[in-house]
Amino acid sequence: MATFEFRDKYDYPYAYEISHVGDLNADGLDDLMLGYPETTYSLSPIHGRGMTFLIFGSPKLEGKLFLEDIGVTVPGVIFYSSNPEHDGIGRRIATIGDFNNDGKTDLVITAPFSGIEDRNNAGAAFVLFEIKELPNFVDLDQVGKSVPGFVILGDPLYRPIIQKTFGEMLGFGLSPAGDFNGDQVPDFAILAPIISNVAGVPEPARAYVIYGDGSRQAPLAVHRVIPGWGPMRGNTRVVVEGSGFRSDVQVFFGGILASGIQVVSESQIEAL
């Protein structure tokens, strides 16, 4: 029998999620994941809140083991974020089958208390591909960049009339959904429990069904533009964040084609 605990003391060192995730590293043994969405432990000096641990099954795992040793002396992967807006990492964890139709099982980790541009509790879900090839330590802020996959961001639901934000907490619930739309590719469902109308009065929650994509490419979407406003005089560096960006993408400012476009990754473009 093996037990896992932290070697050192941290604020809120409690596991909220434990998930059997099958054989993610294809070694013939089942694996396990633990979510600590409120712990302050992190591998980055500037970081979000929460950690997720993937422990690869092994007959050598016996006795008292320390979570800090995962990826070092204990086989597995530690997921964290260097983005301080990410909060509640590991609140929900699920394998979702072969979501991008590449023959490999994919993984979702949620962070429902994450902010978007300082708007708290919008929520985020990290969809990760190529699990077997991941390094021992994965910065979720790099998903869609150096880490294969993409990020789904919740609605911050800013209400200008009352000058408050009511984030929908995307990722508070998560579940595989089978082949929901009948396209032979697995899908998953994700819950956003907190919805408020213009007056700030709670409305019914939302459940989103995310369809798997057999094209093996993330859907084309824009999540954020930095800066979000400004004059159209040109020569201003603008960062566009989203998913599915490819080399033939075009960016227009007020109907005028940007003079310089650089596709940094599938989730980021820089334009002038």
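Residues numbered from 1 in each chain as written. Predicted model: local features only at pLDDT ≥ 70, side-chain atom pairs only at ≥ 80, totals over all residues. Heavy atoms only, no water.

(A) Expanded view of the sheet that holds strand S16 (residues 187-192). Overall, antiparallel pairing links the three strands, which are arranged S15-S16-S19 in an open sheet. Edge strands, defined here as strands with exactly one partner in the open sheet, are strand S15 (173-178) and strand S19 (206-210). Adjacent strand axes in the sheet meet at a mean angle of 25° when their direction is disregarded. One ladder, built from five bridges, connects S15 with S16; its direction is antiparallel. The residue of S16 that forms the bridge with Leu 174 is Ile 190. (Pairing = 2+ DSSP bridges. Helix = DSSP H or I, 4+ residues; strand = E, 2+ residues; numbered from the N terminus. Axes fitted to C-alpha atoms, helices over the stretch in contact; angles between N-to-C directions.)

(B) Representation of the packing of aromatic side chains within the structure. Overall, the coordinates contain eleven aromatic pairs when judged by the stated rule. Taken together, a centroid distance of 6.0 Å and an interplanar angle of 70° make the contact between Phe 6 and Phe 53 edge-to-face. Here Phe 6 is found in the loop between strand S1 (2-5) and strand S2 (17-22), whereas its partner Phe 53 is found in strand S4 (residues 49-55), with 47 residues between them in sequence. Phe 53 shares its class with Phe 6; the two are buried. Taken together, the ring pairs connect Phe 6, Tyr 10, Tyr 36, Tyr 41 and Phe 53 into an aromatic cluster. (Phe/Tyr/Trp six-rings, centres within 6.5 Å; stacked < 30°, edge-to-face > 60°. Buried < 20%, exposed > 50% of the residue type's maximum accessible area, 1.4 Å probe, protein only.)

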